[in-house]
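This is what each chain is made of:
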Amino acid sequence: FWVLNIDSTCMAIALGAIFLALFYWVARSASSKLAAPGKFQCFVEMIIEFVDDSVKSMFHHKSALIAPMALTIFVWVFLMNLMDLVPVDWIPHLAVVVGIPFMKIVPSTDLNVTMGISFSIFFLIVFYSIKQKGIGGFMAELSLQPLGKWALPFNLLLEVVGLIAKPISLALRLFGNMYAGEMIFILIALLPFWAQWLLSVPWALFHILIITLQAFIFMVLTIVYLAMAHDHH
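Residue positions are given per chain, counting from 1 as you read along its sequence in written order. At least 70 in pLDDT is required for a residue's local features to be given in this predicted model, at least 80 for side-chain atom pairs to be given and counted, and no such filter applies to totals for whole chains, interfaces and linings, which use all residues. Working from all heavy atoms in the structure, the side-chain values ignore hydrogens and water.

Visitor: Please give an account of the packing of aromatic side chains that cites residues and values.
Guide: Here a pair means two rings of Phe, Tyr or Trp (six-membered ring of Trp) with centres within 6.5 Å. Their orientation is stacked below 30 degrees between planes, edge-to-face above 60, and tilted elsewhere. Applying the stated rule across the entire model yields 10 aromatic pairs. Judged by centre distance (6.2 Å) and plane angle (35 degrees), the rings of W25 and F40 are tilted. Highlighted residues: W25 in helix α1 (residues 6-29) and F40 in helix α2 (residues 39-58), separated in sequence by 15 residues. Measuring from centroid to centroid gives 5.7 Å for F50 and F216, while their planes differ by 35 degrees, and the two rings are tilted. Taken together, the residues span a long stretch of sequence, with F50 in helix α2 and F216 in helix α7 (residues 193-230) at a distance of 166 residues. To sort residues, take the accessible area from a 1.4 Å probe on protein chains only and compare it with the maximum for the residue type: under 20% means buried, over 50% means exposed, and anything in between is partly exposed. Looking at F50, the relative accessible area reads 35%, which means it is partly exposed. Counting from the N terminus, the helices are DSSP H or I runs at least four residues long and the strands are E runs at least two residues long.

In structure tokens, the structure reads:
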């Protein structure tokens, strides 16, 4: 815990910068004067519309933060997961050539990265819970449900465990799925050359679904948790 892995951190920052640069470029180049937008612009607009519809269906409050954050989480986590489809030895071998002996290229297979993102969301959950309900309302939510004031210690235990489980489950779900996928790719890479192509291509095609699904689940649960933080009941 609390380990700063430079390779994972640098890859995550680089992928985040790529995400920002691409979306900024599309936003700057978009114009109503064009007869037809380009394919990449259409693709970006589809992603934004998809995320916006997801937020509207689950978050029934007014907030200027939730939709942009959901978009950032979905695209950023997807890009981090997408690195798992790069052959496991290409970038690490290039890193060895320039003098870097160890290089992890999939940030979401580093538990410190997934925990970092999850704890950021956890702090937002607590912040908005207190902002919307006040400290008294937040403490009442933790101590008076579900069995009333006569079972306050038991209520507090249940609610605190449930609250702490949110960031831990977010982090471990993403880490576990991506780490398992990476391990399978590594095991395939240890097989004879003919067996690598026989197994890696089907697994890569299946893994496209996994990396997209994990990004979607991370985004959806974040929206749901922040919606719960805004709800007063």
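Visitor: Summarise the nonpolar core; cite the residues concerned and give the values.
Guide: In terms of nonpolar packing, the biggest core is built from 48 residues, with V51, V75 and M219 touching the most fellow members. Elements supplying a minimum of two residues to this core: α1, α2, α3 (66-82), α5 (111-143), α6 (152-189) and α7. The element that contributes the greatest number of residues to this core is α7, accounting for 11 residues. We define a nonpolar core as any set of buried Ala, Val, Leu, Ile, Met, Phe, Trp, Tyr and Cys residues linked to one another through side-chain atoms lying within 4.5 Å.

Visitor: Would you mind going over the side chain of T114 in detail, with residue names and values included?
Guide: Checked against the element boundaries, T114 lands in helix α5. Between N or O atoms, a polar contact is any pair within 3.5 Å; within protein, one atom must be a potential hydrogen donor and the other a potential acceptor, and residues adjacent in sequence are included only when both atoms are from side chains. A distance of 3.1 Å separates a polar atom in the side chain of T114 from the backbone oxygen of L111. Beyond its immediate chain neighbours, meaning those up to four positions away, T114 contacts S108, A171, L174 and F175. Contacts are assigned to residue pairs with any non-hydrogen atoms lying within 4.5 Å of each other.

Visitor: Quick one: what's the story with α2, residue by residue and with numbers?
Guide: Counted at 1.5 Å a residue, the expected span for α2 with its 20 residues is 28 Å, and the 29 Å between its end C-alpha atoms agrees. Of all the positions in α2, only Q41, V44, I47, V51, S54 and V55 are classed as buried. Considered in projection along α2, the buried side chains sweep an arc of 160 degrees and stay on one side of the axis. In this structure, α2 carries K39, M46, E49 and K56 as exposed residues pointing more than 90 degrees from its buried face. The inward-facing, buried residues of α2 contact α1, α3 and α7. Expected span, for any helix, means 1.5 Å times one less than how many residues it has. Here the arc refers to the set of directions running from the helix axis out to each C-beta atom.

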